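Take a look at the letters that make up each chain.
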Amino acid sequence: MAKLYSFKLDEEKGIFFVKVKGFFQVEDAKIYLSEFQTIVNTINPSRYILIIDGRGQEKVAEHVVDDIEFVLKLYWIANFKKVIIIKPSSLASRMQVENCVRKINFPGIFVDSIEEAYNILE
């Protein structure tokens, strides 16, 4: 099974970069959450900007939508300096994420491109 995400911690720039892609199932979400939390537990999130590149994320099954909400809450409560999410390219996936964001009143910043995300940092 191919990994649907990657993590990159840039201590020098203070950026924790996460890239997600593909069709997440329940088991993928559980493994992702576990690995994400393991990294977060080794750093001081308030010193980092979290950038999530979700451009390659596909629409998930309805029973996995709760996992999206949970992950968004996790990003929020981890207390990162700032959370920037690059919106999924897929319209269906984007709508799922936007619905979750509205439902939990997520305070992160949403952008359309990696360039936009990095422009916010400058």
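Computed from a predicted structure; not experimentally measured.

Going through the model one piece at a time under the given rule, you end up with 12 aromatic pairs. Seen from their ring centres, Tyr 5 and Tyr 32 are 5.1 Å apart, and the 80° between their planes marks the pair as edge-to-face. Here Tyr 32 lies in helix H1 (residues 26-40) and Tyr 5 lies in strand E1 (residues 5-10), a separation of 27 residues in the sequence. Through a chain of ring-to-ring contacts, the aromatic side chains of Tyr 5, Phe 7, Phe 16, Tyr 32, Phe 36, Tyr 75 and Phe 80 assemble into a single cluster.

Moving on: the pairing of strand E3 (residues 49-57). Burial analysis of E3 places 7 of its 9 residues in the buried class, the great majority of the element. In terms of strand pairing, strand E2 (residues 15-22) meets E3 through 7 bridges, oriented parallel. For Phe 17, the partnering residue across the bridge sits in E3 and is Ile 51. Handedness of the crossover is the feature at issue here: the chain leaves E2, passes through H1, returns alongside E3, and the resulting connection is right-handed. Relative to strand E4 (residues 82-86), E3 runs parallel, the two sharing 5 bridges. Note that in E4 the partner of Asp 53 across the bridge is Ile 86. As a crossover connection, the stretch from E3 through helix H2 (residues 65-77) into E4 is right-handed.

Now for unusual backbone geometry. The phi torsion at Asn 79 lies on the positive side, around 70°, for a residue other than glycine. Judged by its relative accessible area of 49%, Asn 79 is partly exposed.

Here the focus is the packing of H2 against helix H3 (residues 91-104). Where H2 meets H3, the axes come as close as 10 Å, and the angle between the chain directions of the two elements is 60°. It follows that H2 is oblique to H3 by the angle criterion. As H2 packs across H3, the resulting crossing turns out to be right-handed. The residues of H3 that touch H2, namely those facing Val 65, Ile 68, Glu 69, Leu 72, Lys 73 and Trp 76, are Gln 96, Val 97, Cys 100, Val 101, Lys 103 and Ile 104. Counted by class, the contact of H2 with H3 contains 8 nonpolar, 1 polar and 3 charged residues.

Among the structural elements, Ile 114 can be located in helix H4 (residues 114-121). When its relative accessible area of 18% is taken as the criterion, Ile 114 is described as buried. Remark: the alpha-carbon pair of Ile 114 and Lys 13, spanning 101 residues in sequence, is separated by 16 Å.

Tallying each qualifying case throughout the model produces 1 cavity of 30 Å³ or more. Computed from the structure, the largest cavity encloses a volume of approximately 270 Å³. What lines the largest cavity is a set of 17 residues, among which Val 20, Gln 57, Ile 68, Val 71 and Tyr 75 lie closest to the centre. At the level of elements, H1, E3 and H2 are the ones that each hand at least two residues to the lining of the largest cavity. A total of 5 residues in the lining of the largest cavity trace back to one element, the largest contributor, which is H2. Grouping the constituent residues of the lining of the largest cavity by class yields 14 nonpolar, 2 polar and 1 charged.

What counts as what
- Residues numbered from 1 in each chain as written.
- Predicted model: local features only at pLDDT ≥ 70, side-chain atom pairs only at ≥ 80, totals over all residues.
- Heavy atoms only, no water.
- Phe/Tyr/Trp six-rings, centres within 6.5 Å; stacked < 30°, edge-to-face > 60°.
- Helix = DSSP H or I, 4+ residues; strand = E, 2+ residues; numbered from the N terminus.
- Buried < 20%, exposed > 50% of the residue type's maximum accessible area, 1.4 Å probe, protein only.
- Pairing = 2+ DSSP bridges.
- Right-handed = clockwise from strand over helix to strand, strands pointing away.
- Axes fitted to C-alpha atoms, helices over the stretch in contact; angles between N-to-C directions.
- Parallel < 35°, antiparallel > 145°, perpendicular 65-115°, else oblique.
- Left-handed = near helix turned anticlockwise from the far one by under 90°.
- Contact = heavy atoms within 4.5 Å.
- Nonpolar A, V, L, I, M, F, W, Y, C, P; charged D, E, K, R; others polar.
- 1 Å grid on protein atoms, 1.4 Å probe; cavity = no way out; pocket = protein on both sides within 12 Å on 5 of 7 lines; lining within 4 Å.
- Points joined across faces, edges and corners; volume = space filled by probe spheres on them.

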